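# Close look at the chain arrangement
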Amino acid sequence: MMAHSYHCSRNPCADPLQHRPRPLTNFLPHDTPVRDQPSRVPRGGSHSAMKLAFPSRSVLAVGLAVANVHAVSVNETASAYTFANDRVSFNVVKRNGYIQNLLFDGISVLGTTSGNAGQLYTDFPSNGFALTGNSAAEIVEGRNYAGIVLTDNDTVSGSLVQRSWFLRDGETGLHSFVRLAYHNSTVTNRGALGEVRTMFRPNGGPWTTLVTNAEQWAPIPGAAAIAKQVQVQDATWYLGLTPDDAYVQQESDYWTKYTFADNQTNKAHGLYGQSSDGTPVGAWWVVNQKDTFFGGPFHVDLMVDGIIYNKQSTSHGGATSPNITDGFDRTFGPQFLYLNRAAGAGPLDLLADAERYADSAWNAEFYDEIAPHVPGYVPSSSRGSFSAHVQVPRGAKNVVAILSANGVHFQDSAADPSAYQYWVTDVHDGVVNIDRVKAGTYRLTVSADGIFGDYVHDNIVIKPKRNTHVGAQWVPESAGTELWRIGVPDKTSGEFKNGWERDTTHRRQPSKYRIYWGAWDFPTDFPGGVNFTVGKSVESRDWNYVHWSQYGPTYTRNNTVTDINRWTINFNVDAQTARKLTEHSVATFTIQLAAAKTTSGNTDANQGAFPSFPINTYVNDEGNPLVWTIQPYESSSCGERSAISCHLLTKKFEFPGTQLKAGDNRLVLELPHAAPVYVQYDALRLELR
């Protein structure tokens, strides 16, 4: 399986075409295109459009005669349509609408076709939708672009899939949209959408390096390493038997696709390599618009593992996907598959060039022009803007402002299948500006590192071509005097041991959480579990990034260790505080989780021996614990999938202050004994009033 995956596996510009990002001067990605003009050939409108079933040839002859006068050519053979500008060409296969033979300056970037490998295509692993095998094609042409809209209309089930690709003159990339619709008044509920993805899946080609972002990148393991790999978990292999392999030397003894995941703040990700003449070349999914995705900025998903992924919908990391009911109709995109190259450029140089296009204003005028051919795309005329000034609490760092589905947590925005999402991750002085927001009603959430809880403001109304402004003061949560906290409330478990901590035994020194969890032997680091003393212990050394109920077996450990499910927090209550421990005093213990995993995994289903489980908190010698039960729909496979932030959860417990005492105290956090479950703490806090 591993071998298979390698071979496959803020301010916006006023005029996005005049001010579109330019590549570095030594790059060869594209020239700035001339503003598109409609075709002057009489076609009954400003664009030419041909609706074809793939077998049809009668109308196409006329279209090809027209296509010859356009800067992007469209040609037909018995089996495919070929699109080309002066630097990029590709075939759209009539049989299934997949893209093959993608050439960039003569470089075969997809390689040879073998099965699904060597192609660019959209699929539906969760079977929420499917292709019919009898797609219809609409060829769309403007003076400086051409595109194809592929429609699979399943009249039996009521589902419709539309895949749209557009190529512009002067650009070295393809613009992509995916539309999914369901109309069935008899079977009104089709279930969760699950996973939908568009994949650049090469088989061969020039590629040598996987690039998630500017921090996370590494060589692709070589053939010798793959030949001797040992599987240690699904989609995870031990490669240490080939210590001279470049990946093993630079990144890790373990390989998993989850090492190269990222959250939705990702701007671009892809593959890097060298063409036959030695020129560095890159292929990138540029996420220039994210508003049609779900889950918010912290949602983590796969980026690249030999395949470059554009995930329209997923359940990875416990993410919520929309429920498909009669009337569902959503268009995802656009995103931009970008190809670039430059003499002497490294992977981060080509990545930085690609990231210039991760701007929702880039190409906005072009998208408006093709909007009549992309049902569901929201043009500029139906968008407004949002601004705010929020007084954030003292100590707030890395402030993020999010617009998402009204009335629900931003990570659960898929509860409203029509919801859009927007965010700003670099809020300074409380000033928020978000442009190109679809008209509608939103929730504003403001989050910051170091602050427990979020600021939430519902019923934010955005109107077309107008700005909505909000002024607000974020008053932080408080339940009295803070006695102590463990961790930094930042929606991750990264600050703890084996989280952000670097693996210094490998040249690239990746963060440890990105590597297979079995590489960090918890029973060796914490025999008997964590025993943490407030004021003496150090989070990055004495508190692990995952609280395991049981641990093992792993590649290096044959047994399962089960005496680690109880973690102890020791703390002192000084004499002055102890005088406040009266019968009227109330203590509040807050647990913020970055993730919790039940035997439901990412499915939300009531399955396995522990689809739900309790986190019990014992206060000193009290016999009855404070109980928090994690439900199946709150579960996320996180730590075992190389992640430190998945489905976020929070619980506040109140208990009599008299359960505390002067001097030494303790809280014990207990998971079920010998259970295949775990939690990942974001931060914990004890307060007294």
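Sequence order sets the numbering: in each chain, residues are counted from 1 along the sequence as written. Only residues with pLDDT of 70 or above have their local features reported here, since the model is predicted, and side-chain atom pairs are shown and tallied only from 80 upward, although totals for entire chains, interfaces and linings are computed over all residues. Heavy atoms throughout the structure, all of them, feed into the side-chain values; hydrogens and water do not.

The next point concerns the overall build of the protein. Starting at the N terminus, helices and strands are each numbered in turn, a helix being any DSSP run of H or I of at least four residues and a strand any DSSP run of E of at least two. Looking only at helices and strands, one finds nine helices and 42 strands in the protein. Entry remark: accessible area of the protein is about 25,800 Å², with carbon and sulfur atoms responsible for 48%. For every accessible area listed, the method is Shrake-Rupley and the probe measures 1.4 Å; residues are considered covered only by the protein chains on display.

By definition, two strands form a pair when at least two bridges between them are found by DSSP. Strands sit in the order β34-β36-β41-β38-β39 across an open sheet of five strands; the sheet is mixed. Because the sheet does not close on itself, it has two edges, and the strands there are β34 (531–533) and β39 (626–630). Mean inter-strand twist for the sheet, computed between neighbouring axes without regard to direction, equals 15 degrees. In the sheet, strand β38 (residues 613–619) pairs with strand β41 (residues 663–670) via four bridges, with the strands oriented antiparallel. Its bridge partner lying in β41, Val-619 is registered against Leu-667. A fitted line through C-alpha atoms represents every axis, and for helices the fit uses only the stretch in contact; the resulting angles, taken between N-to-C directions, go from 0 to 180 degrees.

Moving on, we come to unusual backbone geometry. A cis amide bond links Gly-333 to the next residue, Pro-334, at an omega of 10 degrees. Secondary-structure assignment places Pro-334 in strand β25 (residues 328–341). Here the residue pair Gly-552 and Pro-553 is connected by a cis peptide bond, since its omega of 0 degrees sits within 30 degrees of zero. If you trace the backbone, Pro-553 turns up in the loop between β35 (547–548) and β36 (566–573). Unlike most non-glycine residues, Asn-459 shows phi in positive territory, near 65 degrees. Along the chain, Asn-459 falls in strand β31 (residues 455–462). Phi is positive for Asn-498, close to 70 degrees, though the residue is something other than glycine. Relative to the assigned elements, Asn-498 resides in the loop between β33 (481–486) and α7 (522–525). What makes Asn-498 buried here is its relative accessible area of 2%. We call a residue buried when its accessible area falls under 20% of the maximum for its residue type, exposed when it is over 50%, and partly exposed in between, using a 1.4 Å probe and counting protein chains only.

Per-residue confidence for the protein gives a mean pLDDT of 90; residues scoring 70 or more make up 90%. The pLDDT score gives, residue by residue, the confidence of the prediction method on a 0 to 100 scale. By the convention used here, residues are in contact when the closest approach between their heavy atoms is within 4.5 Å. Segment residues 1–69: pLDDT under 50, and 181 contacts once partners within four positions in sequence are set aside and those in other chains are kept.

Turning our eyes to something else, we now look at the side chain of Thr-212. Residue placement: Thr-212 occurs in the loop between β14 (207–211) and β15 (217–219). The residues contacting Thr-212, other than those within four sequence positions of it, are Phe-260, Ala-261, Asp-262, Asn-266, Ala-268, His-269, Met-303 and Val-304.

Moving on, we come to the state of the cysteines. Criterion for a disulfide: a pair of cysteine sulfur atoms within 2.5 Å. Per the stated rule, a full pass over the model turns up one disulfide. Disulfide pairing is shown between Cys-638 and Cys-646; the S-S distance is 2.3 Å. Between Cys-638 and Cys-646, the disulfide has an S-S torsion of 90 degrees and is therefore right-handed. Of the two residues, Cys-638 and Cys-646, neither departs from the other in class, the shared state being buried.

Glancing now at the environment of Asp-86. Note on placement: Asp-86 falls in the loop between β3 (80–84) and β4 (88–93). Residue classification places Asp-86 among the exposed positions, given a relative accessible area of 62%. Each C-alpha atom, one on Asp-86 and one on Ala-71, is 8.3 Å from the other, the two residues being 15 residues apart in sequence.

What follows is about the nonpolar core. Buried Ala, Val, Leu, Ile, Met, Phe, Trp, Tyr and Cys residues form a nonpolar core when they are joined through side-chain atoms within 4.5 Å. Counting 58 residues, the largest nonpolar core has Trp-484, Trp-543, Phe-589, Leu-593, Tyr-681 and Leu-684 as its most contacted members. Those elements that provide at least two residues to this core are β33, β36, β37 (586–597), β38, β39, β40 (649–656), β41 and β42 (678–688). Here Trp-543 is in contact with Ile-486, Phe-496, Lys-497, Phe-526, Val-530, Phe-532, Val-538, Trp-567, Ile-569, Leu-669, Tyr-681 and Leu-684, once residues within four sequence places are set aside. Counting residues in hydrophobic clusters, the runner-up holds 42 residues, among them Val-92, Ala-146, Ala-218 and Trp-285.

As a further point, take the sheet that holds strand β26 (residues 383–391). In spatial order, the strands read β29-β26-β32; together these three strands make up an open sheet with mixed pairing. Looking at strand neighbours, the two that pair on one side only are β29 (431–438) and β32 (467–473), the edges of this open sheet. Neighbouring strand axes in the sheet, compared pairwise and without regard to direction, differ in orientation by 15 degrees on average. Pairing of β26 with β29 involves six bridges; the strand directions are antiparallel. Bridge pairing links Arg-383 to Lys-438 in β29.

Side chains bearing opposite charge may pair, as long as their charged atoms lie close to each other. Put simply, a salt bridge is a Lys or Arg side-chain nitrogen that is within 4 Å of an Asp or Glu carboxyl oxygen. Under the counting rule described, the total for this entry stands at 27 salt bridges. Two residues, Glu-195 and Arg-197, come together in a salt bridge whose shortest N-O distance is 3.7 Å. Among the residues examined, Arg-197 registers a relative accessible area of 19% and is labelled buried. Where Arg-666 meets Asp-621, a salt bridge forms, and the shortest distance between an N and an O atom there is 2.8 Å. With a gap of 45 residues between them, Arg-666 in strand β41 and Asp-621 in the loop between β38 and β39 connect regions that are remote in the sequence. For Arg-666, a relative accessible area of 33% puts it in the partly exposed group.

Let us look at the environment of Gly-115. Its location among the elements puts Gly-115 in the loop between β6 (107–108) and β7 (119–123). The sequence separation of Gly-115 and Asn-203 amounts to 88 residues, and the corresponding C-alpha distance is 9.7 Å.

Before going further, it helps to examine the side chain of Gln-289. Of note, Gln-289 is situated in the loop between β21 (280–286) and β22 (300–301). Classification of Gln-289 by relative accessible area gives buried; the value is 2%. Not counting the four nearest positions on each side in its chain, Gln-289 is found in contact with Pro-334, Gln-335, Ser-360, Tyr-367, Tyr-377 and Arg-383.

Our focus in this paragraph is the pairing of β26. Counting buried residues along β26, seven of its nine residues qualify, which places the element largely inside the surrounding structure. Note that β26 and β32 share seven bridges and pair parallel. Pairing of Ser-385 across the sheet is with Asn-467, part of β32.

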